[in-house]
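Coordinate inspection notes
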Amino acid sequence: MSRFIIDGGYRLKGNVRISGSKNAALPILAATILMDGDTHLDNVPHLLDISSMIKMLEALGLRAEYKNDCKVRVSNYRKIRHIAPYELITAMRASFLVAGPILAKTGLAKIPFPGGCSIGARPVDIHLKGLKALGAEINIEHGFVSFKAKKLVGNKIFFDFPSVGATENVMMAATLAEGETVIENAAQEPEIVDLGRFLNKAGAKIEGLGTNVLHITGVDTLHGVNYSVIPDRIEAGTFLLAGAISKGEISLSGINLEHVQAVMSKMEDCGVRFSVESKGENEKVVHVKSGDSFKAVDISTRPFPGFPTDMQPQMMTFLTLAQGTSVISESVFENRFLHVNELQRMGADIEIKRNNAIVRGVSSLSGAEVKITDLRAGAALVLAALAADGTTEIYGLKHLKRGYAKFAEKLTALGAKVTSES
Ligand code: EPZ
């Protein structure tokens, strides 16, 4: 099994450039199904999940390929197939984001029912409720969800929970529907705003981006565009913590400060200090300077702009070494504490009570052999290894390759001792 071998105790120093956002690029790629012509995307991270979505687009009849490390070109000229291959949906559940676009474009869609994953059941009921409200007839049989709608018609929709994926799926479908759609209690994540800006550049009419009420006025067609994806706020948060937990001094470039406020604010409450330098027209560089100790804080994960669930495992690692006791409550997913066992094996003092983790700070972690269970748990274990006494062997790198581009290279360039063995 592929593994990282990390020698802990090295203070990170230097600058790291943050890659483009996986969770913005995935729905943007799905949205190209709606658009006639060529789309050129820039700042796309080179990741397994992006390659999976590219394979999905190819399977549906589009041409899609990486032009280089961070550019992707998609051409949409041929008739779209409306059946999504089972093996591609199971490879990555975010592929379910093609449902709304295929249905809006062709009037039909047949998508394998996406399974859950290690962090939760991951149902799609909110997606289905929204698409049904736009007039889709929906049948679930033989493990597939079949959608049918001669022409989608705009409607007013209320989401019981501000689901990111459901907001993206329904917003994309509504761009080609007849008339106006209003989505209330919509998700407000930066990735939704990026998708909406991309669609508007392609001729869509979406208002309210960045709020929890979206107004979409349907149009007849959308055209291909050139677009650059926002930076990855979760990779940025992960590196902010890498600088702090290693007691080093690093700077991050290519990040959007507004997207990392919740994480930076909590880290400041712990005693981490930041300074921001403006470089070029809108390039900000964030300098992380941590002392030799930091204080415990309580964390509750929330939809944006709250503390992101995708940063909960990494923040937990950081707090295992804080002075005092932290309580972390995970309110978004029902099973997102799989990293706790592995952190305990490295000497962390963590107690789970339902969806709360009580983290009592210890003076040090010790290197061990650990296994990655899911993407962000993997990032949490890498952070633990950077700070641990001795060597840590981290198995299951395939999870990390889904969401962190050139992770070992970036850490090594900052002075971490990371060997990667496939
Ligand atoms: C997106 O997943 C992200 N993935 C996740 O990031 C992220 O953790 C999540 O949003 C929350 O921010 C991508 O963008 C590709 P949700 P998504 O629909 O859309 C429940 C990572 O590490 N729910 O907002 O699946 C669901 O079970 C990944 O990069 C329903 O009940 O998230 C969960 O408890 C992990 N019914 C909660 O809502 C539905 O129809 C949040 O799910 C949909 C969701």
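Structure's up top.
Bear in mind that the values here come from a model prediction, so they are computed numbers and not experimental data. (Residues numbered from 1 in each chain as written. Predicted model: local features only at pLDDT ≥ 70, side-chain atom pairs only at ≥ 80, totals over all residues. Heavy atoms only, no water.)

**Comments concerning the overall build of the chain**
Note the following rule: Numbered from the N terminus, helices here are DSSP runs of H or I no shorter than four residues, and strands are runs of E no shorter than two. Just to be clear, the radius of gyration here is over C-alpha atoms, and the globule rule we use is 2.2 Å times residues to the power 0.38. Categorising residues by exposure relies on relative accessible area from a 1.4 Å probe, with only protein chains included: less than 20% of the type maximum marks a residue as buried, more than 50% marks it as exposed, and the intermediate range marks it as partly exposed. Residue burial considers only the protein chains on display, and all accessible areas are found by Shrake-Rupley using a 1.4 Å probe.
Counting its secondary structure elements, the chain contains 14 helices and 24 strands. Since a compact globule built from 422 residues should have a radius of gyration of about 22 Å, the 21 Å found for the chain is in line with a globular shape. Projected onto the principal axes, the alpha-carbon positions of the chain cover approximately 65 × 45 × 40 Å. Per-residue burial for the chain yields a buried fraction of 57% across its 422 residues. Total accessible area computed for the chain in this model is approximately 16700 Å², and 49% of it derives from carbon and sulfur atoms.

**Focus: the environment of Ala187**
Put simply, the test is: Throughout, a residue-residue contact means that at least one pair of heavy atoms, one from each residue, lies within 4.5 Å.
Mapping Ala187 onto the fold places it in the loop between strand S10 (180-184) and helix H7 (190-201). What makes Ala187 buried here is its relative accessible area of 2%. Through-space distance from the C-alpha of Ala187 to that of Glu168 is 8.6 Å; in sequence the pair is 19 residues apart. Filtering out sequence-adjacent residues up to four positions away, Ala187 remains in contact with Pro162, Ser163, Val164, Thr167, Ile192 and Thr211.

**Describing helix H6 (residues 164-174)**
This is how the line gets drawn: Polar contacts here mean pairs of N or O atoms no more than 3.5 Å apart (in protein, one a potential hydrogen donor and the other a potential acceptor; neighbouring residues in sequence count only if both atoms are side-chain atoms).
In terms of burial, H6 is largely enclosed, as 10 of its 11 residues are buried. Here H6 has its buried residues at Gly165, Ala166, Thr167, Glu168, Asn169, Val170, Met171, Met172, Ala173 and Ala174. A distance of 2.9 Å separates the backbone nitrogen of Ala166 from a side-chain oxygen at the start of H6, and that oxygen is part of Ser163.

**Quick look at the packing of helix H5 (residues 125-133) against H6**
For any two helices packed against each other, the geometry is given by the interaxial angle and the distance between the axes. Note the following rule: Note on geometry: axes are lines fitted to C-alpha atoms, helical ones only across the stretch in contact, with angles between N-to-C directions running from 0 to 180 degrees. To sort the angles, those under 35 degrees are grouped as roughly parallel, those over 145 as roughly antiparallel, those from 65 to 115 as roughly perpendicular, and the leftovers as oblique. Here is the rule for handedness: rotate from the far helix to the near one, and if that takes an anticlockwise turn smaller than a right angle the crossing is left-handed, while a clockwise turn gives right-handed.
Two numbers describe how H5 lies on H6: the axes approach to 8 Å, and their chain directions differ by 20 degrees. By the criterion of interaxial angle, the relationship of H5 to H6 is roughly parallel. Along this stretch, H5 crosses H6, giving a crossing that reads as right-handed. Two secondary-structure elements touch here, H5 through Ile126, His127, Gly130 and Leu131 and H6 through Gly165, Ala166, Asn169, Val170 and Ala173.

**Remarks on the site of the ligand**
Our working rule: One heavy atom within 4 Å of a molecule or strand is enough for the residue carrying it to be called near that molecule or strand.
Asp125, Ile126, Ser163, Asp310 and Val332 are the nearest of the 22 residues found near the ligand. In this structure, Gly165 approaches the ligand through a main-chain N or O atom, which is 2.8 Å from an oxygen atom. In isolation the ligand has 820 Å² of accessible area, and contact with the protein removes 85% of it. Every element with two or more residues in the shell around the ligand is listed here: helix H1 (22-31), H5, H6 and helix H12 (375-387).

**Structural notes on the pattern of salt bridges**
The following threshold applies: Basic side-chain nitrogens of Lys or Arg form a salt bridge, by our definition, when they fall within 4 Å of a carboxyl oxygen of Asp or Glu.
Under the definition given, this model contains 22 salt bridges. Two residues, Lys67 and Glu65, come together in a salt bridge whose shortest N-O distance is 3.5 Å. Two residues, Lys410 and Glu235, come together in a salt bridge whose shortest N-O distance is 2.6 Å. Of this pair, Lys410 sits in helix H14 (residues 407-413) while Glu235 is found in helix H8 (residues 233-245), placing the two residues 175 residues apart along the sequence. Each member of the pair, Lys410 together with Glu235, is buried. Shared partners join several salt bridges into a network, and the residues in it are Asp349, Glu351, Lys353 and Arg360.

**Quick look at helix H9 (residues 261-270)**
This is how it is decided: This arc is built from the directions going out from the helix axis to the C-beta atoms.
Within H9, burial applies to Val263, Met264, Met267 and Cys270. Seen end-on, H9 carries its buried residues on one side only, within an arc spanning 110 degrees. Where H9 is buried, its residues contact H8, strand S16 (273-279), strand S17 (283-289) and helix H10 (312-319). Downstream of H9 by one or two residues, Gly271 has phi in the positive range, about 110 degrees.

**Side note on the sheet that holds strand S19 (residues 325-329)**
What counts, and what does not: We treat two strands as partners when DSSP finds at least two bridges between them.
If you walk across this open sheet you meet the 4 strands as S18-S19-S21-S20, and the pairing is mixed. Looking at which strands have only one partner, the edges of the open sheet turn out to be strand S18 (299-300) and strand S20 (349-353). Note that S18 and S19 share 2 bridges and pair parallel. If you follow Ser300 over to S19, its bridge partner there is Ser329.

**Quick notes on the packing of aromatic side chains**
Here is the rule: Think of it this way: a Phe, Tyr or Trp ring, Trp meaning its six-membered ring, pairs with another when their centres are within 6.5 Å, and the plane angle makes it stacked under 30 degrees, edge-to-face over 60, tilted otherwise.
Going through the model one piece at a time under the given rule, you end up with 4 aromatic pairs. With 5.4 Å between their ring centres and 70 degrees between their planes, Phe198 and Tyr227 make a pair best called edge-to-face. Highlighted residues: Phe198 in helix H7 and Tyr227 in strand S14 (residues 226-228), separated in sequence by 29 residues. Given the relative accessible area of 12%, Tyr227 is considered buried. With 4.0 Å between their ring centres and 20 degrees between their planes, Phe294 and Phe318 make a pair best called stacked. Separated by 24 residues along the polypeptide, Phe294 in the loop between S17 and S18 and Phe318 in helix H10 bring together distant segments of the chain. The exposure classification of Phe294 matches that of Phe318, with both residues buried.

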